[in-house]
Structure formats: C-alpha cells, structure tokens
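# Analysis of the macromolecular model
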Amino acid sequence: MTVTADGRAEPMQELPGEAAIMPRAGGENFAVAALVLGRETRDHLLAIYGFARLVDQLGDEVEGDRLAKLDALEAEVDRVFGGTPRHPLMQRLQASARACSFPRGPFDRLIEANRRDQSAVDYATFEALRDYCRHSADPVGELVLHVFGVATPERVALSDDVCTALQLAEHWQDVAEDAARGRIYLPAEDRERFGVEPADLSAPHAGGPLRELLRFEVDRARALLDQGAALVGTLRGRARIAVAGYVAGGRAALDAIEAAGYDVLPGAPKPAKPHRVALTLRALVTGR
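Just so you know, these numbers come straight off a predicted model, no measurement behind them. Throughout this document, residue positions are counted from 1 along each chain, in the order its sequence is written. Thresholds applied to this predicted model are a pLDDT of at least 70 for local features of residues and 80 or more for the giving and counting of side-chain atom pairs; totals over whole chains, interfaces and linings are not thresholded and use all residues. Only hydrogens and water are removed before side-chain values are computed, so all heavy atoms of the structure are retained for them.

### With respect to the environment of aspartate 200
Secondary structure elements follow DSSP: runs of H or I of four or more residues count as helices, runs of E of two or more count as strands, with numbering from the N terminus. Residue placement: aspartate 200 occurs in the loop between helix 11 (188–194) and helix 12 (208–228). Pairs of residues are marked as contacts when any of their non-hydrogen atoms sit within 4.5 Å. Beyond its immediate stretch of four places on either side in the chain, aspartate 200 contacts Gly195, Leu210 and Leu265.

Below is the structure:
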C-alpha cells in the first residue's frame, strides 16, 4: 500500500516488469546506436530506453486505469531523485541518473505526453502536434546529450528539432496503425487543406489526396531534421557517432516513405539497412 498526501491509503499500482520491456531494445533507434558506443554508455542509454518504453507501454498498451499507473510511475521517478525505487528498471535508471546528472524535467514530460494520450486522439494544428512531440520525443534527446556530458542550451534546441522530426517520421510511417487505434496525428488543418477525410486513413491504399498530404508532411519533417542535424557538427567522438545515427535513421525512414510513393497504408515503409549506414557515414563526414 502507498499513502497519499492527505493520509489516505491506496493500492500500489503494478507496473510491467523488466522482462516485458527490455527485449524490444534492439528495435529502437537509440538502443541500436548504443551497440557501438561501449558498455557503460550503452547501459546508460538502455536505462533511458527502459523508462521510455515503460511509460509508453503504460500509456498505450496496459489494461486497467492507465492514469493511475502513470501516477505510480511518477512516484517511482520521485524515488529515483530522492529515495529508493522499487521497480528494477527504475533502480537501473537511478544509477544512470546519478552518474550522468540527469535533470528531472524530461521524465515528467514523457509521463505528461502519455497522460495526454488518454484523452487526445487528434490534433487540430501542426503546432499542437509539435507541442506533443516536445513532451513525447524531445526529452529523450536531451537525456542522451547528458549521457555524453555535452548538454548545452544550444545543443538541446538542435536535438529537439531532430527528435521531433524522428517522431513525425514514425507517425507518418504508422498512419494506418494509429488510425486503427483511433488516433490521428496528421493535423486536422492539413487534412482539410488537402481534402483528406478520417475514413481515408483506413483504406487498403492511400489515395491521391492522402499521398499529397504525406508528401507535404515528409518534406516538413525533413526540413526540421536537416535544421537539427547541425548538432552533429558540434560533437566529437562517441556522441557524434550516436547523433549521426539518429539523424540517419530519420532520413532513412523519410526516404522509405517517399520510395513507397507515400502509400503507407498497406504497412509502414521500412528503410534498407545499407541505406541507413550510408546516411550515417555521410552525416559523420559532413557534420550534419
């Protein structure tokens, strides 16, 4: 049992265990990059990954009262920064938080993003969607910069552009999957401009208006990614390798959508690994 601020006892919310979270590490952008960065760095990045996956699972997949479970996770974050966490992933996170001097804010924003997911199923404007990305994606990049000890306000701002672009690329790949969950990330103002109806997102293939809308959104995400990619040139060593990998992953995803003719409805277009490697090398050489 836990006790609330007014002294009432309430049951402890059970959170998914480590075995339910960590096996998916190999499929994540920053976890893959971590494999070439040394064990200590990899462990810190996987600690971030574990938290990000846990909070996403609470917001998207678990049964029961998701808001209560997110509250329980927030209490675990309290313990990370001033106590003894109970969850194994949060114990791992505490060790990394101490070693890397993580700020508290990014964790709170990730939890807030998943609270929003419980009520927000559509976004009226691109700015509203970008604000969501500031909570759901940008905190991860900020924490990665802290792992490498290179977080400055200027770098965090560039990282935010990269991370928002990565989140947008994922949304544009997963239009059909999100629609099946009752969520639409293509902004309503853009759907209206291109004449796209919600029902169009559940068709077997994308029609002309949806393809044109996705072309527009891909170009916008690519411009944002190119703007943030200047971050690579400010870094050296392992930090440069990691960030170049993230930038390349985003570019490869956007290229895959374009190569599919912007028809993402049969399934999320996936980039070829050699293309991603080539883009990573290019980013390392050019510094963007």
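### Looking at the pattern of salt bridges
Any carboxyl oxygen of Asp or Glu within 4 Å of a side-chain nitrogen of Lys or Arg constitutes a salt bridge here. If you walk through the whole model with that rule in mind, you get 23 salt bridges. For the salt bridge of aspartate 263 with arginine 211, the shortest nitrogen-to-oxygen distance reads 3.4 Å. Pair noted here: aspartate 263 is in the loop between helix 14 (237–259) and helix 15 (273–286) and arginine 211 is in helix 12, with a separation of 52 residues, a long-range link. Several salt bridges converge on common partners, so that one network encompasses Glu112, Arg116, Glu127, Asp131 and Arg134.

### With respect to the side chain of arginine 130
By secondary structure assignment, the location of arginine 130 is in helix 7 (residues 126–136). We define a polar contact as two N or O atoms separated by no more than 3.5 Å, with the added condition that, inside protein, one atom must be a possible hydrogen donor and the other a possible acceptor, whereas residues neighbouring each other in sequence contribute only through side-chain atom pairs. At 2.6 Å, the side chain of arginine 130 forms a polar contact with the side chain of aspartate 161. Other than its neighbours up to four places away in sequence, arginine 130 contacts Asp161, Thr164 and Leu224.

### Quick word on the nonpolar core
Formed by 77 residues in total, the largest nonpolar core has its most connected members in Phe51, Leu73, Phe102, Trp172, Leu186 and Leu210. The element best represented in this core is helix 14, accounting for nine residues. Discounting residues that sit within four places of it in the chain, leucine 210 has contacts with Leu186, Val196, Asp200, Leu201 and Leu265. In these notes, a set of buried Ala, Val, Leu, Ile, Met, Phe, Trp, Tyr and Cys residues joined through side-chain atoms within 4.5 Å is what counts as a nonpolar core. Think of it in three bands: residues with accessible area under 20% of the maximum for their type are buried, residues over 50% are exposed, and the middle band is partly exposed, with areas taken using a 1.4 Å probe on protein chains only.

### Quick look at empty space enclosed by the protein
Using a 1 Å grid laid over the protein atoms alone, points where a 1.4 Å probe fits but cannot get out form a cavity; open sets with protein on both sides within 12 Å along at least 5 of 7 lines form a pocket; any residue with an atom within 4 Å of a point counts as lining. Grid points are joined across faces, edges and corners, and a volume is the space filled by probe spheres set on the points. One pass over the structure, following the stated rule, counts one cavity of 30 Å³ or more. Taken as a whole, the largest cavity spans an internal volume of roughly 40 Å³. Around the largest cavity, the lining residues are His171, Trp172, Val175, Asp178, Arg183, Ile184, Tyr185, Leu186 and Leu201. For the lining of the largest cavity, the secondary-structure elements that each account for two or more residues are helix 9 (153–173) and helix 10 (175–180). Note that Gly is not counted as nonpolar here; it falls among the polar residues with everything else outside the nonpolar set of Ala, Val, Leu, Ile, Met, Phe, Trp, Tyr, Cys and Pro and the charged set of Asp, Glu, Lys and Arg. Considered class by class, the residues forming the lining of the largest cavity number six nonpolar, one polar and two charged.

### Comments concerning the packing of helix 4 (residues 66–80) against helix 6 (residues 105–116)
Running from amino to carboxyl end, helix 4 crosses helix 6 at an angle of 175°, the nearest separation of the two axes being 10 Å. The pairing of helix 4 with helix 6 is recorded here as roughly antiparallel in orientation. Counting all contacts with helix 4, which are made through Leu67, Leu70, Asp71, Leu73, Glu74 and Val77, the residues of helix 6 involved are Phe107, Asp108, Ile111, Asn114 and Arg115. Of the residues that constitute the contact of helix 4 with helix 6, the class distribution is six nonpolar, one polar and four charged. Axis angles are defined between N-to-C directions and span 0 to 180 degrees, where every axis is a line fitted to C-alpha atoms and, for a helix, only to the segment in contact. Here the word oblique covers every angle except those under 35 degrees (roughly parallel), over 145 (roughly antiparallel) and from 65 to 115 (roughly perpendicular).

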